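# Residue-level structure breakdown
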Amino acid sequence: MVVQKTAAEMNYGLSLPHRKMEDWRWTDLRQLVDKPYPPRQTVVAAAKDVERLLRSSPFAKVGGARMVFVNGRYAAELSQLKNDTVTSTINVDEPVITMNAAFATDGACLKISGTVDTPIELLFITTNAAARTIATRNVVEIEQGAAATLIETHLGEGSYLSNSVTQIRVGEGARLDRIKVELEAADAIHLSHVHTTLGKNSVFNDFTLTSGAKTNRQNGTVEFKGQGSEAKVSGAFMLGGRQHADTRLVIDHQVPHCTSRELFKCVMDDNARGIFQGKVIVQRGAQKTDGKQSSHALLLSETAEFDAKPELEIFADDVVCGHGATSGDLNHDHLFYLMSRGIPPAEAKSLLIAAFVGEAFDLIAHEGIKEALVKFSNKWLSQHRSGRA
Amino acid sequence: MLEIKNLHVKLADEDRVILNGLTLSVKAGEVHAIMGPNGSGKSTLSYVLSGREGYEVTEGSVIYKGEDLLAMTPSERAAKGVFLAFQYPIEIPGVATMQFLKVALNSQKKARGEKELSTPDFMRLVKERASKLNIGPDMLKRPVNVGFSGGEKKRAEILQMAVLEPSLCVLDETDSGLDIDALRVVADGVNGLRSPDRAMIVITHYQRLLDYIVPDHVHVLSRGRIVKSGGKSLALELEAKGYAQFESEAA
Ligand SMILES: Nc1ncnc2c1ncn2[C@@H]1O[C@H](COP(=O)(O)OP(=O)(O)O)[C@@H](O)[C@H]1O
Ligand SMILES: [Mg+2]
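Residues numbered from 1 in each chain as written. Chains lettered and ligands numbered in written order. Predicted model: local features only at pLDDT ≥ 70, side-chain atom pairs only at ≥ 80, totals over all residues. Heavy atoms only, no water.

A word on the confidence of the model for chain B. Confidence in the prediction for chain B averages 92 pLDDT; 98% of positions are at 70 or higher. In the model output, the complex is listed with pTM 0.92 alongside ipTM 0.96. (pLDDT = per-residue confidence, 0-100.)

Quick look at the structure:
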């Protein structure tokens, strides 16, 4: 059977993943990439648009040095950090990466040695112009014994498809705290893939807030390459309207004595759709692996939906692994308790929702970043609780 | 302050009747004790007064300070001064105790058109009230009731009461799970709140609490209605003879 190519596929000259593919069953890009988004367009951004977007970052007052990308290109005049040429070597057959390999125009190349105290922010902004694809490819290397906090912020206006692929290497004894905030424009599509390899005795703390774009698909792969390492991969969804977010994580324990934790807290309002696919692989010989994942959804409306697909693939016998997923609405006893103390229903709900996502925010070590996200979350809540008392 | 007349309450999604013609009148400044066996409807009464969902009033009325209490939402009732110290205070993970108390107090003040408290003033108020109840800063740092022992939970309820300064306090088995020292602390806290313009309904299964919080009136609740009322000596009589005599009277 010959499948008719969609307009977007013809424009791209490559095929898009669709629901018949196991990992893409909830996110059929043949349908969700609703029109052509021509790649490699050159758009000159107006300074005032760029300034407005820069100011709208939750981290406008938190970040240290920035590296800014405007419409897929490094903007030296807005960046305090110099950029290098990216040479990325991810060798995985994956649709987001394939698209990125075809269309990437630029990206961040960061090499960190020593301990960097203030957070580094990679800021990707897209200005309003004709619909288009913007693809960036980043490489982050935390050298042996180094430590850093890296913020990755995605902001934009208009209708576009953003494709972001990042390769991260955390060296022996190194530590990376990475906080990604996806606040793309309401009419945007966000596709990403983050491939992380962890050296011996390293620490990787990853947090992703997903609250923008109409369609999201975020892939993450963490490979343990050296013993004694620890990865915490967490995140929060705060979605409303008809937003769609699909996060797929693969945690690959290739060596013994490593620990992985995944925690996702997903708040969904209106007709939002959330998906969490988490797979933990324990390879042969990766004994003493301790791997746990959980996803929890809070559905604020009867039409919001959440699907979780946890998977364990274990080829070693001396391991502790587990997963859990829950989905439900607010606890009525909690609500009553708060209201019985004089807290009006809408505010009581906000407190409980904030407490729910707060459990994931609490995994962020950097206080300033955490505070900025709590502030963002309170703003989101004040916009999403109206009329729903 | 409170006029409950011929109150009939059933479960909202079952045909079971729990309160069956309960009548009670409470004036400002008074302390009323309601005693009764397990399952007689004491907690149900407290929930109906505070507006919990799941109960349906089929007959009767509750007038509070001249207004129809049953027409108000739970938070409106609280803002007008109704407070329930829960029999089983629940844990709310992720909601900090101090934040909760501050939002509660200022929501009430806002609803009443009063000036909200600044953070330093609020902190001072809580610290002062907490120290009287032997509640230290470590307890206040935790999320609402999370990890509190049974006794700590009861003290925390009284702290909330002391901070919110309600006009009508309903205490549902505040004595249960308390050893004698904790009971004294709680009773001192409650007695400290007695005032001519505040009324209290003290629900208890045992008369022990009433040695410390001495009531003006004692009522026996059995099968959803008050079957006997009297002075504080009634509590002693109950202690000696048990509830059995009233079970048959109510039947
Ligand atoms: N929400 C409820 N669902 C089912 N049964 C209830 C509910 N609330 C109260 N009851 C029943 O009503 C009766 C009275 O309960 P309660 O008011 O808790 O009594 P008390 O506090 O005097 O022990 C009991 O038989 C109890 O099982
Ligand atoms: Mg009870």
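The subject of this paragraph is the packing of helix α3 (residues 97-111) of chain B against helix α6 (residues 150-164) of chain B. Residues and elements named next belong to chain B. Interhelical geometry of α3 versus α6 gives an angle of 35 degrees and a closest axis separation of 10 Å. In terms of crossing hand, the pair formed by α3 and α6 is right-handed. Each of F100, L101, A104, L105 and Q108 in α3 lies in contact with α6, whose residues at this interface are L159, Q160, V163 and L164. Tallied by class, residues from the contact of α3 with α6 come to 7 nonpolar, 2 polar and no charged. (Axes fitted to C-alpha atoms, helices over the stretch in contact; angles between N-to-C directions. Helix = DSSP H or I, 4+ residues; strand = E, 2+ residues; numbered from the N terminus. Left-handed = near helix turned anticlockwise from the far one by under 90°. Contact = heavy atoms within 4.5 Å. Nonpolar A, V, L, I, M, F, W, Y, C, P; charged D, E, K, R; others polar.)

A few words on the coordination of the magnesium ion (ligand 2). Residues and elements named next belong to chain B. Binding of the magnesium ion (ligand 2) to the protein goes through S43 (OG) and Q87 (OE1), at separations of 2.1 to 2.2 Å. Of this pair, S43 sits in helix α1 (residues 42-50) while Q87 sits in the loop between β6 (82-85) and α3, and the two are 44 residues apart along the sequence. As far as burial versus exposure is concerned, S43 and Q87 are alike and both buried. (Donors = N, O, S within 2.8 Å, 3.2 Å for Na, K, Ca; no water. Buried < 20%, exposed > 50% of the residue type's maximum accessible area, 1.4 Å probe, protein only.)

All names here are of chain A. Here strand β4 (residues 120-126) lies mainly inside the structure; 7 of its 7 residues are buried. Going residue by residue along β4, you find I120, L122, F124 and T126 tucked away on one face and E121, L123 and I125 tucked away on the opposite face as well. Where strand β1 (residues 66-70) meets β4, 5 bridges bridge the pair, whose relative direction is parallel. Counterpart to R66 in the pairing with β4 is E121. The pairing of β4 with strand β6 (residues 147-156) spans 7 bridges and is parallel. Bridge pairing in β6 places I120 opposite L150. (Pairing = 2+ DSSP bridges.)

Turning our eyes to something else, we now look at the sheet that holds strand β5 (residues 67-68) of chain B. Residue and element names in this part refer to chain B. Ordered by their spatial adjacency, 4 strands build an open sheet running β2-β1-β4-β5, and the pairing between neighbours is antiparallel. Either end of the sheet is taken by a strand with one partner, and the two such strands are β2 (17-26) and β5. Lying on the sheet, α1 is in contact with β1 (2-11), β2 and β4 (55-64); it crosses β1 at an angle near 110 degrees.

A word on unusual backbone geometry. Residues and elements named next belong to chain A. If you check the backbone angles, H257 has positive phi at about 60 degrees while not being a glycine. In this structure, H257 sits in the loop between β13 (244-253) and β14 (259-268). Taking relative accessible area as the criterion, H257 reaches 43% and is therefore assigned partly exposed.

Residues and elements named next belong to chain B. What makes Q87 buried here is its relative accessible area of 12%. Reaching out from Q87, the side chain makes a polar contact with the side chain of Y88 at a distance of 3.3 Å. Beyond its immediate stretch of four places on either side in the chain, Q87 contacts S43, K154, D172 and E173. (Polar contact = N/O pair within 3.5 Å; in protein donor to acceptor, adjacent residues only side chain to side chain.)

Residue and element names in this part refer to chain B. Taken together, L11, R16, I18, P37, N38, G39, S40, G41, K42, S43, T44 and Y55 make up the full set of residues near ligand 1. A distance of 3.2 Å is found between an oxygen atom of ligand 1 and a backbone nitrogen or oxygen belonging to S40. G41 is positioned such that a nitrogen or oxygen atom in its backbone is 3.1 Å from an oxygen atom of ligand 1. When ligand 1 is considered free in solution it has 550 Å² of accessible area, and contact with the protein chains removes 65% of it. Ranked by the residues each element gives to the shell around ligand 1, the list is headed by α1, at 3 residues. Each residue belonging to the shell around ligand 1 can be placed in one class, and the counts come to 4 nonpolar, 6 polar and 2 charged. (Near = heavy atom within 4 Å. Areas by Shrake-Rupley, 256 points an atom, 1.4 Å probe, with all protein chains shown as cover.)

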